[in-house]
Amino acid sequence: LSIKSSGYIYVDNLIYYSSNSSSTTNNVSKLRIPKDIKLEDATNTPMSGTNSFKIALLDTITEPNLMIEHLKNSVLINSINSSADLTILTNETNNDFLEKISTEKISATEYDLFEYKDATIITLDISNKGIRTTEPTQWISFQNDIEDSEKENIFIVLNSPLDNFEDFEERKAFIDTLCEFNRKIKKNIIVLHSGYYTDYSMERGIKYLGINTKNIPSEKIAKDSSYILISVLGDTVSYEIKKIF
């Protein structure tokens, strides 16, 4: 009997269920598994320099209901305007909020290509659980655009988490493609995406920066609200997670 000795198991967005045995009713409690504890990332560091430029990454700015949400939006927009040259939003955002951001802006609502200083920025729409199921022509477009880029840094922006790919083989093919380009063209390729947490991950040499500003419980807004500020200087890219409060 031949048994495969290696492979991959991808597990994301785990939820733990437990029953309360002391209760007469069959109540079930739900607890989201906390994010991974990772080693410190060497590129998670501020960068200064007159020749560098900065990109603010967030998913969206949500319509406020509570006073703390109004305050969060105000502080967030002021921080971005004073710190960044370009703002990338991974999800659609109300125009009233966009107009308050004074930097140049990119929203990842459909396939598009942008060039900004030393960076090529490609937005991919995977809102229907994958590239193929959303708009299959994006497969050819993003590969051609990476191949044609003359910039040192290539940012791929996704409007959903990478693990939202419904087809595991397509997810693997997407990562394989990025890894092959990373090996072949010797440039920085970084994936920016909506996430369940504001955090980084690495997969086979490709760095992923996930951003979550919209799905934070009201009681944790003051503690957990943040955005990612990416610094680019030539072929050097670093980032920092900027707390809003």
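Figured I'd write up the structure that's included with this text. (Residues numbered from 1 in each chain as written. Predicted model: local features only at pLDDT ≥ 70, side-chain atom pairs only at ≥ 80, totals over all residues. Heavy atoms only, no water.)

1. Brief notes about the sheet that holds strand β6 (residues 112–116)
What links the strands of a sheet is backbone hydrogen bonding, and the strands pair in either a parallel or an antiparallel sense.
Move 1: The strand order across the open sheet formed by 6 strands is β6-β7-β8-β9-β11-β10, and the pairing between neighbours is mixed. Two strands in the sheet have a free side with no partner beyond their single neighbour: β6 and β10 (199–203). Taken pair by pair, the neighbouring strands of this sheet meet at an average axis angle of 20°, ignoring direction.
Move 2: Relative to strand β9 (residues 188–194), strand β8 (residues 153–158) is paired through 6 bridges, and the arrangement is parallel. Across the sheet, residue phenylalanine 155 finds its bridge partner in β9, namely isoleucine 190.
Move 3: Sheet strands touched by helix α4 (residues 138–148): β6, β7 (119–124) and β8. Its angle to β7, the strand with the most contacts, is close to 175°. (Pairing = 2+ DSSP bridges. Helix = DSSP H or I, 4+ residues; strand = E, 2+ residues; numbered from the N terminus. Axes fitted to C-alpha atoms, helices over the stretch in contact; angles between N-to-C directions. Contact = heavy atoms within 4.5 Å.)

2. Brief notes about the sheet that holds strand β5 (residues 104–107)
Move 1: Taken in spatial order, the 5 strands line up as β5-β4-β3-β12-β13 in an open sheet, and their pairing is mixed. Of all strands in the sheet, those with a lone pairing partner are β5 and β13 (236–243), marking the two edges. Ignoring strand direction, the axes of neighbouring strands in this sheet form an average angle of 20°.
Move 2: As judged from the 8 bridges shared by strand β12 (residues 226–233) and β13, these two strands associate in the antiparallel manner. Bridging from a neighbouring strand, serine 226 pairs with lysine 243 of β13.
Move 3: Helix α1 (residues 67–83) contacts β3 (53–58), β4 (86–89) and β12 of the sheet and is inclined by roughly 5° relative to β12.

3. Looking at the pairing of β4
Move 1: Judged by which residues are buried, β4 turns out to be covered on both faces: Leu86 and Ile88 on one side and Thr87 and Leu89 on the other are all buried.
Move 2: As paired strands, β3 and β4 are joined by 4 bridges and run parallel to one another. Its bridge partner being in β4, alanine 56 is matched across the sheet by threonine 87.
Move 3: In the classification by handedness, the crossover that spans β3, the intervening α1 and the parallel β4 is right-handed. (Buried < 20%, exposed > 50% of the residue type's maximum accessible area, 1.4 Å probe, protein only. Right-handed = clockwise from strand over helix to strand, strands pointing away.)

4. Looking at helix α5 (residues 168–185)
Move 1: Under the 1.5 Å per step criterion, the end-to-end length of α5 is 26 Å for 18 residues, consistent within 8% with the ideal 26 Å.
Move 2: By the burial criterion, the buried members of α5 are Glu170, Arg171, Phe174, Ile175, Thr177, Leu178, Cys179, Phe181 and Ile185.
Move 3: Where α5 starts, the residue carrying a side-chain oxygen 2.9 Å from the main-chain nitrogen of glutamate 169 turns out to be aspartate 167.
Move 4: One or two residues past the end of α5 sits lysine 186, with phi positive at roughly 55°. (Expected span 1.5 Å × (residues − 1). Polar contact = N/O pair within 3.5 Å; in protein donor to acceptor, adjacent residues only side chain to side chain.)

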